[in-house]
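Analysis of the macromolecular model
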Amino acid sequence: MALIFRWLVRLATTLIVLGVAALSLAYYFAARSLPDYDGTRQVAGISAPVEIVRNNANVPHIFGQSDEDVFFALGYAHAQDRMWQMTMLRRTAQGRLSELFGPRTLRIDEVLRRYDIYTLAVSSVAAQTDETKSALEAYSAGVNSWLSEVNAGARGRGAPEMWLFNHPVSPWAPADSLAILKLMALDLTGNVSKEVLRARTSLLLDQDRVRDILPDDPTSGLAALPAYAELVPGVAPYSPNTRMAYDALSPLNGPELAGASNAWAANASRSATGSTLLANDPHLGLTAPSIWYLARLELESGGVIGGTIPGMPIVLTGRSDTVGWGLTSGYVDDQDIYIEEVNPENPDEYRGPDGWVPFRTRDSIITVKDAPAVTLRLRWTANGPVMPRDQYDLGTITPPGHVTSIAWTALSGSDTSMSAAMAITKSRSVEEAIQAGRDFIAPAQNLTLADRNRIAMKTIGAIPARDAGHQSQGRLPSYGYLPENRWLGRFPYDDNPIFLDPEGGIIGNTNNKTVDRPFPRHVTHRWGDTQRINRWRRLMQAREVHTRDSFIEAQLDTVSFAALTLSTLMGADLWFTGDAAPQGTPERRRQDALNLLSSWNGEMNEHLPEPLIYAAWTRAFQQRLIRDELGPLASEFTHVDPVFIERVFRDIDGAGVWCDVIQSAPVESCTDIARQSLDDALIWIAEHHGDAVEALRWGDAHEATHDHPVLGDVPLLEWVVNIRQSTSGGDHTLQRAKTSGEEPTPFHNVHAAGYRGVYDFADPDSSVFIISTGQSGHPLSRHYDNLGELWRRGEYIPMSLDPALARAAAVGVTVLEPEE
């Protein structure tokens, strides 16, 4: 027995030693790719020495003799910190993820190949201004300079992920940067998904009820549209979903996660400091690392500082010493689905306005790891690329003998958006920035501006010109061969909405409705916000003058206007009702929950129980309203729409009928459904978070999920690469923290302000900014998540153009010198 014990001890010791050795070896190889920020390096591609000074937050401040040298150094810094992220963005745009990840990503690659955005990016290089071409070439040379160091063998393949997914990395090219901008356009649009969902809903409901559950902005007026079955006969009322399941690597978002943002500005008359103020927080999907990267560039036109996206040589949101700019999603209706009739005698032809026309075709081969290669036959009509039935659930709304094509403003082979963004980066005034936006195509954005004297907001990006006689006004798929449904080009830039120096002294956008124009100059029918704007308006009007700190306060505000409205409506007939009930019974839990909500101010604070009760209640309430009418399609409505619920409770246009369960004999009231759904919510909460109502925390359910797109689901590694944080806010707060809407974690915070910035032009160097993780994409770097806790707490770091402040406590200074 003693002998067996000794051998067991030896075996356990051996296993422990081997385990420690394996971990040490893995750490050694992974740590080799950590960049050294100090030193002097000889590089090819620059004309004079360039300094990259990384301040104490690892924000690079780049000083060079020419713009080309500065952009070279930006490419070098991006590659040092985010090489893996950049290569993944490029692979996604190229439709080449399956070379690394196998069949998992095949459908993602298929849709990107069909959009063909990388080919369009390649052809768009020639359309750029000479200045932008020079910047793109210099930036690419900087990226490739870092790749050369990695390839020399001293940098551990450039990123720890490269050890797990070893593959050759091709040199960076200007088209790669343009492709990433087009990829962002795809990430920010959800119009295809909206059209499909409206069409599927229209097949099941009459148009009055469609207007309830897919409501327009309450302030808008719209003439009645035909039902989808009238527009496109022959489609089954309901077909099962065919679209791909959620994948962190996919840029295809549903309409609820298709982009959002806040931006506002005050002129000198509304500023306590005597000059202008500007705040911006663009909202995108949360990842580790963040999509944003902070940088300062000392250009020939002056210093600029703000948020960049690795892979592109532009400051997308930020400031110089004279002007600041911020972005919010424009919510332009920039996509249309066309139903294209296929010639039954010749499947290579489709119907055009004047008869049968051949599809434009090309074959494309997708290499798939550990599986046979797949050959796609890409097809285009005059309207756009043809998409298969299993993408976007298009098969559920396509009649037999037809295919669907997609028109989209970003599908341009002479896209000058990068040149426009470069000109905005270098602009010196509001007027210059507005003019610079003239050549911007996609993604359409609301550009909020402030210089020392003026403020403005201008929609930049192409707005499709539709025929006034369009059958569905672009809200539903329509026949592509009818001339009245086809696009007529795009509206002139001067027609895009603009707000310049408003009389009230404050301008802002929360993705809310900005103009009330009749179709076809309407911009969109489906704006991104009907709730946050109410809270923003109240905060802006509460002060005669504002400061940098009051703008920060508004940016971090967590009071939900929707929560105040809906909890009042849903609880109106339930407050302080019912008989006394013993502790632990469903009746008592309901009474306890209602007591908490009755005195709640709508603050979605992470430490409070009320936000969780409210969120679970409204979610359960909406599901009870719609599941009898919509059946399986109800699962597509993943997020609560406050306008829909308010219409139901106020019985607007007969919407109260939703409260009656069709299949049951009794006639249910909205109070009945509210009480039952509250019980549903409390049961769900008890199963997932415990039944002590007063002890609940919203933050436990509302974790920010900064997950690594590739390694985030790998056991053990997920603890290293993912960043999870308890957060405040919600779907309808200014500190927007969009929830996933998907079981088993429907309230996880998955889409939020990855970048926040507030700029004060009375004292520009007092401006502040922050991103949601850290600057480095290396999980072993101390800069991987060091800014994340500041972001969670609502803190910022200085956004100064003062070189002395950058050098103070710098974590490293890299000097790039021309090769001799």
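Summary of the structure given here. (Residues numbered from 1 in each chain as written. Predicted model: local features only at pLDDT ≥ 70, side-chain atom pairs only at ≥ 80, totals over all residues. Heavy atoms only, no water.)

The buried fraction of strand β25 (residues 749-753) amounts to four of the five residues, a majority that puts the element mostly inside the structure. Strand direction decides the pairing type here: strand β5 (residues 277-285) and β25, joined by three bridges, are antiparallel. Bridging across to β25, H283 finds its partner in A753. The pairing of strand β24 (residues 737-739) with β25 spans three bridges and is classified as antiparallel. Residue pairing across strands places K738 opposite H751, the latter belonging to β25. (Buried < 20%, exposed > 50% of the residue type's maximum accessible area, 1.4 Å probe, protein only. Helix = DSSP H or I, 4+ residues; strand = E, 2+ residues; numbered from the N terminus. Pairing = 2+ DSSP bridges.)

Right, let's talk about the sheet that holds strand β15 (residues 386-387) for a bit. Read across the open sheet, the four strands follow the order β15-β16-β10-β19; overall the sheet is mixed. One side of each edge strand has no neighbouring strand; the edge strands of this open sheet are β15 and β19 (478-479). As judged from the two bridges shared by strand β10 (residues 335-341) and β19, these two strands associate in the parallel manner. Following the sheet pairing, Y338 is matched in β19 by S478. The sheet contacts of helix α9 (residues 191-202) involve β10 and β16 (402-408), and relative to β10 the element is tilted by about 60°. (Contact = heavy atoms within 4.5 Å. Axes fitted to C-alpha atoms, helices over the stretch in contact; angles between N-to-C directions.)

What follows deals with the side chain of E195. As for its position among the elements, E195 is in helix α9. In this structure, E195 is buried with no salt-bridge partner, the nearest side chain bearing the opposite charge being R466 at 5.6 Å. Setting aside residues up to four positions removed in sequence, E195 forms contacts with Q335, D336, I337, G474, R475, L476 and P477. (Lys, Arg positive; Asp, Glu negative; His and termini not counted. Salt bridge = Lys/Arg side-chain N within 4 Å of Asp/Glu carboxyl O.)

The next point concerns the state of the cysteines. This structure, assessed with the given rule, holds one disulfide. In this model C659 forms its disulfide with C670; the gap between the sulfur atoms is 2.0 Å. A torsion of 95° about the S-S bond marks the disulfide between C659 and C670 as right-handed. Remark: C670 occurs in helix α20 (residues 670-689) and C659 occurs in the loop between α19 (642-649) and α20; sequence separation between them is eleven residues. (Disulfide = S-S within 2.5 Å.)

Between two aromatic rings, the relevant description is the distance of the centres plus the angle of the planes. Within the structure shown, the criterion is met by 15 aromatic pairs. Note on Y76 and W146: the rings are 5.7 Å apart at their centroids and 80° apart in plane angle, and the pair reads as edge-to-face. A residue pair is termed long-range when its members are at least 10 positions apart, and Y76 in helix α2 (residues 67-94) and W146 in helix α6 (residues 130-154) qualify at 70 residues. The exposure class of Y76 is buried, given its relative accessible area of 0%. Arranged with centres 5.0 Å apart and planes meeting at 40°, the rings of Y350 and F359 form a pair that is tilted. (Phe/Tyr/Trp six-rings, centres within 6.5 Å; stacked < 30°, edge-to-face > 60°.)

According to the stated counting rule, one finds 48 salt bridges in the structure shown. Between K182 and D415 there is a salt bridge, with its nearest N and O atoms 3.0 Å apart. Here K182 is found in helix α8 (residues 174-188), whereas its partner D415 is found in the loop between β16 and α12 (417-425), with 233 residues between them in sequence. Take K182 and D415: they sit in the same class, and that class is buried. R548 serves as the salt-bridge partner of D549, at 3.2 Å between the closest nitrogen and oxygen. Beyond isolated ion pairs, a larger network of salt bridges with shared partners links E606, R697, D700, E789, R792, R793 and E795.

Let us look at the pairing of strand β18 (residues 455-460). β18 sits mainly inside the fold: six of its six residues count as buried. Burial of the side chains of β18 extends over both faces: I455, M457 and T459 are buried on one face and A456, K458 and I460 on the other. Of the pairings in the sheet, the one linking strand β17 (residues 445-451) to β18 comprises six bridges and is antiparallel in character. By the bridge assignment for β18, L447 is matched with K458. Counted between consecutive antiparallel strands, the loop separating β17 from β18 contains three residues. Summarising the sheet, β18 and strand β20 (residues 498-500) pair through three bridges and their orientation is antiparallel. Residue pairing across strands places K458 opposite I498, the latter belonging to β20.

So, about unusual backbone geometry. The omega torsion across A288 and P289 is -5°, close enough to zero to call that bond cis. Checked against the element boundaries, P289 lands in the loop between β5 and β6 (293-299). For the bond running from A442 to P443, omega is 0°, close enough to zero to count as cis. Phi angles above zero are rare outside glycine, and N58 is one such case at about 70°. Looking at where N58 falls in the secondary structure, it is placed in the loop between β2 (50-54) and β3 (60-63). Despite not being glycine, D370 has its phi angle at roughly 60°, a positive value. Here D370 is to be found in the loop between β13 (360-366) and β14 (374-380).

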